[in-house]
Amino acid sequence: MYQPAITGHGIFTPEHVITNDELVTAFNAYADKYNAEHAADIEAGKLAPKPQSSAEFIYNASGIQQRYVCVKDGILDPDRMCPNIPPRPDDAPSLMAKIALKAAEPAMAMAGIAGQDIDLVICAASNMERAYPAMAIEIQQLLGAGGFAFDMNVACSSATFGIQTAADMVRSGSVKTALILCPEVTSGHLEWRDRDCHFIFGDVCTAVIISRAEDASEGHFKILSTKCATEYSNNIRNNNGFLRRSHDQMDDRRDMQFMQNGRKVFKEVLPMVCAHIADHMDKENWSSADLDRLWLHQANKTMNDFIGKKLLGRVPEPHEQPNILQDYANTSSAGSIIAFSQNCSDLPSGAKGVICSFGAGYSVGSVLIERA
Ligand code: CO8
């Protein structure tokens, strides 16, 4: 058995920013247009008018101030309301592979490895650009990596489930060096025409390298323990699947994009996550005093504040439970890894922390780490 460790990590942040104000201005123009076009049906009570969105509501309800997107063109156009991403020919790298390479680069530099040193690539994200061949195999080829590669989708929990999968393989010796990528082009499956969710997501890609601690340079993070759990729920759902054509459902239906009952998710997932992390720490004989840092999934600031307080038994200092969602919004599987990557270099040897992601499924994954 080998000791698995996080030996490299990196983030690719897209260049385009959309602030809450920009988003709300575009949404409200779309809503006004929709209401004018459907005035007769709205007047007759056959259709509900589209209500206005509000930047103040967005910040107060979520803590989000802005989000990054791979392609801004189209999203703020009241006649389109989704990104204008041209299709790519089959012999050109896919968008997810392109951003994955950009996140892999700094992670590999930190780990001091080249593509050929990697023998497992996992593409772990909440949606894949195509059904097959696997995105991960395309990335494996572009990196010149060996071994094998596969995709996995556990929505917002994909990163921690990917880390557990890779860490177990490194521990057993079946894999020496794994790269876990979370390329999230959430802008492609977000319903920008729905004020309940149009503000929630942003695009990004994260990369984590897991290798044997014995081969790693100073400053790596030993993966001491991982724990994943799932519990079926329809409260976060996207019905866009391969049976669409067979169901005669090729029209632009609402349920072909992200849908959620946010209030229910909030109420049901919060206790699940608190209990999950507490049980995991308990199992490893960690008390709250052992915990130096919490890198939580980035969906909602109030949610994270609650979890931090529950686990530490007091209000955490900002550096103990760093949030990044004010800048990135919810980036699905990537959020906890961005929080980790941007807020771990100051930790001294022996410091302990938990990376935790949670979301659709429901799913929750936690990773207990210690700085070498
Ligand atoms: N502007 C103004 N008012 C608004 C807006 C808006 N933009 N949106 C909603 N309102 C209104 C509502 O209509 C409602 O009005 P009323 O009281 O008259 O009915 C009122 O504001 C309150 O609405 P909510 O109850 O919905 O507001 P909340 O306080 O619950 O906040 C949140 C909404 C922020 C969504 C909150 O519920 C939340 O964060 N919940 C947790 C969600 C969560 O963690 N989800 C995880 C999903 S991510 C995941 O698993 C990955 C999925 C795959 C990725 C998909 C990528 C696209």
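For the structure, see preceding data.
Now for a description of the structure that goes with this document. (Residues numbered from 1 in each chain as written. Predicted model: local features only at pLDDT ≥ 70, side-chain atom pairs only at ≥ 80, totals over all residues. Heavy atoms only, no water.)

## Observations regarding the site of the ligand
Stated formally: Residues are labelled near a given molecule or strand when at least one of their non-hydrogen atoms is within 4 Å of it. Nitrogen and oxygen atoms within 3.5 Å of one another constitute a polar contact, given that in protein one can donate a hydrogen and the other can accept it, and given that sequence-neighbouring residues count only through two side-chain atoms. The accessible surface values rely on the Shrake-Rupley method and a 1.4 Å probe; as for residues, cover is taken only from the protein chains in view. Here a strand is any run of E in DSSP of at least two residues, a helix any run of H or I of at least four, and the numbering for each starts at the N terminus. All residues other than Ala, Val, Leu, Ile, Met, Phe, Trp, Tyr, Cys, Pro, Asp, Glu, Lys and Arg, Gly among them, are scored as polar; the first ten of these are nonpolar and the last four charged.
Near the ligand lie 28 residues; those nearest to it are Cys156, Arg195, Arg263, Asn300 and Ala360. The separation between a nitrogen atom of the ligand and a polar side-chain atom of Ser53 is 2.9 Å. Across the complex, the protein chains shield 77% of the 1200 Å² of accessible surface that the ligand would expose by itself. Among the elements of the structure, helix H3 (55–62) and helix H7 (262–283) are those that each provide at least two residues to the shell around the ligand. The dominant element in the shell around the ligand, judged by the number of residues it contributes, is H7, at 4 residues. In the shell around the ligand, the residues fall into 13 nonpolar, 12 polar and 3 charged.

## Things to note about the nonpolar core
Rules: Only buried residues count toward a nonpolar core. Its members are Ala, Val, Leu, Ile, Met, Phe, Trp, Tyr and Cys residues joined through side-chain atoms within 4.5 Å. The rule is simple: take the accessible area with a 1.4 Å probe, protein chains only, and divide by the maximum for that residue type; under 20% is buried, over 50% is exposed, in between is partly exposed.
Of all hydrophobic cores here, the largest spans 47 residues; its most connected members are Val273, Ile277, Ile307, Val354, Cys356 and Phe358. Element by element, the count of residues in this core is highest for H7, at 8 residues. In this structure, Ala166, Tyr328, Ile337 and Ile369 belong to the second largest nonpolar core, which totals 37 residues.

## Things to note about the state of the cysteines
Our working rule: By definition, disulfides here are pairs of cysteine sulfur atoms that lie within 2.5 Å.
According to the stated counting rule, one finds 0 disulfides in the structure shown. No disulfide involves Cys344; its nearest neighbouring cysteine sulfur is the one of Cys182, lying 15 Å away. Looking at the unpaired Cys356, the closest cysteine sulfur is the one in Cys274, lying at 9.2 Å.

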